[in-house]
Amino acid sequence: MVLNELLASVTALDQAAMSQAEQRQAALAKPPGSLGKLEALSVQLAGITGKVHNEIRNKHLLVFAADNGVVEEGVSSAPQAVTLQQTVNLTRGKTGAAVLCRHFGCGITVCDVGVNAAITEPAVLNRKIAYGTKNIARGAAMMREQAVTAILTGAALAKSTQADVLGVGEMGIGNTTSSSAVLSVLLDVDADTVTGKGGGITEESFRKKKAVIRQAIAVNHPNRDDVVDILSKVGGFDLAAMCGAFLGAAASRRPVVIDGFISAVAALCAVRLCPNVRGYLIPSHASFEIGYRLAMEAMDLQPMLLLGMRLGEGSGCPLAFEVLSAACTVLNNMATFGQAGIDDGYLDEIRQGDAFTVEETT
């Protein structure tokens, strides 16, 4: 599938199904809007699937692993070898995201799209495009064709994974630097505005990190109106594949959960490529990273959970899956006013006025 065909295959949400879900919510025995985002999520899910009644049984996290050549500039506190170690550990249930997936009964696929090492662990899906990106402070991260390949790889994996809901995570030392560079270009703001400390670095390293991002943008001159150009010049294989996964999930009409900062930047890339993708996105937690809020604002989305998390890996996705499942349960199983034997006439004034407004998720 070529990229243009993938983008064209993502259609808008089913407005008729959403209207029916809203009517169902209005008939349930509760004050209008009293379940807040759970109501909005159930309506959004109806628009995604075209069905009023949905269930979240099969939950799956996709984690894309890749190395970033920019670590040569000393922008990360962790050595590059950690990418390989944690990529394997994800498949062995030893990382934060893997532990949460096991706890909540979620499937997990770890896909190598650019780790700078040969991985012999059979549980890691080998879709390696190259052994890491080049150093973006010195030149382009990858060729444009490689960026497209990464996007299509992520999309194909998302489309082929059998699940009711997907989550998108990553593993790659140095990828907060590449993600901050991509976001800086997308939003046309300085590195100061979007760059955080990632996994934790000294103040001196933090200043260097922002200087490296500015240098990468100055050296590569990415076109802010061309997402593929941005990804190829200052992005990463993991980020591009994640962007593709969001596109693939939307193309197959399934909800897809955003994790933290890097996942949010990848989602924004997908939305810039195809605005219809936005309707399929489910935010999870509010990342501690400074650029996360700006990426979410650019998509007009709000996170559901305030947990101070900044691990990455897709760790917020299993938590969000449970919230989405709860939204389905409420819509499917609550009694209507008629079934509960309650005359709902007392709500007429509230329904006709502006006494309560449901906070939307999207």
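Quick note: structure is the one above.
What counts as what
- Residues numbered from 1 in each chain as written.
- Predicted model: local features only at pLDDT ≥ 70, side-chain atom pairs only at ≥ 80, totals over all residues.
- Heavy atoms only, no water.
- Helix = DSSP H or I, 4+ residues; strand = E, 2+ residues; numbered from the N terminus.
- Buried < 20%, exposed > 50% of the residue type's maximum accessible area, 1.4 Å probe, protein only.
- Phe/Tyr/Trp six-rings, centres within 6.5 Å; stacked < 30°, edge-to-face > 60°.
- Lys NZ or Arg CZ within 6 Å of the ring centre and 35° of its normal.
- Polar contact = N/O pair within 3.5 Å; in protein donor to acceptor, adjacent residues only side chain to side chain.
- Core = buried A, V, L, I, M, F, W, Y, C linked by side-chain atoms within 4.5 Å.
- Expected span 1.5 Å × (residues − 1).
- Axes fitted to C-alpha atoms, helices over the stretch in contact; angles between N-to-C directions.
- Parallel < 35°, antiparallel > 145°, perpendicular 65-115°, else oblique.
- Contact = heavy atoms within 4.5 Å.

### Side note on the environment of Y346
Reasoning step 1: Among the structural elements, Y346 can be located in the loop between helix 15 (337-340) and helix 16 (348-352).
Reasoning step 2: Residues Y346 and P31 lie 315 residues apart in sequence; the distance between their C-alpha atoms is 10.0 Å.

### Description of unusual backbone geometry
Reasoning step 1: One non-glycine residue, H221, adopts positive backbone phi at about 50 degrees.
Reasoning step 2: Relative to the helices and strands, H221 resides in the loop between helix 9 (203-220) and helix 10 (227-234).
Reasoning step 3: Its identity is not glycine, yet E313 carries a phi of approximately 70 degrees, on the positive side.
Reasoning step 4: Positionally, E313 belongs in the loop between helix 13 (290-299) and helix 14 (317-333).
Reasoning step 5: On the basis of relative accessible area, E313 is assigned to the buried category, the value being 4%.

### Topic: the packing of aromatic side chains
Reasoning step 1: Taken as a whole and assessed by the stated rule, the structure comprises zero aromatic pairs.
Reasoning step 2: K128 extends its terminal NZ or CZ atom over the ring of Y131, reaching a point 4.6 Å from the ring centre.
Reasoning step 3: The side chain of K210 reaches across the aromatic face of F206, ending 4.1 Å from its centre.

### A short note on the side chain of S284
Reasoning step 1: Mapped onto the elements of the fold, S284 is located in the loop between strand 6 (281-283) and helix 13.
Reasoning step 2: Polar side-chain contacts of S284 include one of 3.2 Å to the backbone oxygen of D259.

### Thoughts on the nonpolar core
Reasoning step 1: If you look at the biggest cluster of nonpolar residues, it comprises 86 residues, and the most contacted ones within it are F64, F246, L247, V277 and L281.
Reasoning step 2: For this core, the element with the highest residue contribution is helix 11 (residues 237-251), accounting for 12 residues.
Reasoning step 3: Among the nonpolar cores identified, the runner-up in size contains 26 residues, and L90, A98, L305 and L324 belong to it.

### With respect to helix 11
Reasoning step 1: Between the first and last C-alpha of helix 11 there are 21 Å, a value that for 15 residues agrees with the 21 Å anticipated at 1.5 Å per step.
Reasoning step 2: Phi turns positive one or two residues past the end of helix 11, at R253, with a value near 55 degrees.

### Remarks on the packing of helix 5 (residues 96-104) against helix 14
Reasoning step 1: Put simply, helix 5 and helix 14 touch, their axes get as near as 8 Å, and they point 30 degrees apart. Comparing the axis directions of helix 5 and helix 14 gives the class roughly parallel. In contact with A97, L100, C101 and F104 of helix 5, helix 14 contributes P318, L319 and E322.

### Quick look at helix 3 (residues 36-49)
Reasoning step 1: The end-to-end C-alpha distance of helix 3, which contains 14 residues, comes to 21 Å, matching closely the 20 Å that a straight helix rising 1.5 Å per residue would cover.
Reasoning step 2: Along helix 3, 12 of the 14 residues are buried, which leaves the element largely enclosed by surrounding structure.
Reasoning step 3: Within helix 3 the residues assigned to the buried category are G36, K37, E39, A40, L41, S42, V43, Q44, L45, A46, G47 and I48.
Reasoning step 4: Lining the buried residues of helix 3 we find helix 2 (15-27), strand 6 and helix 14.
Reasoning step 5: Remark: G50 follows helix 3 within two positions and exhibits a positive phi of approximately 80 degrees.

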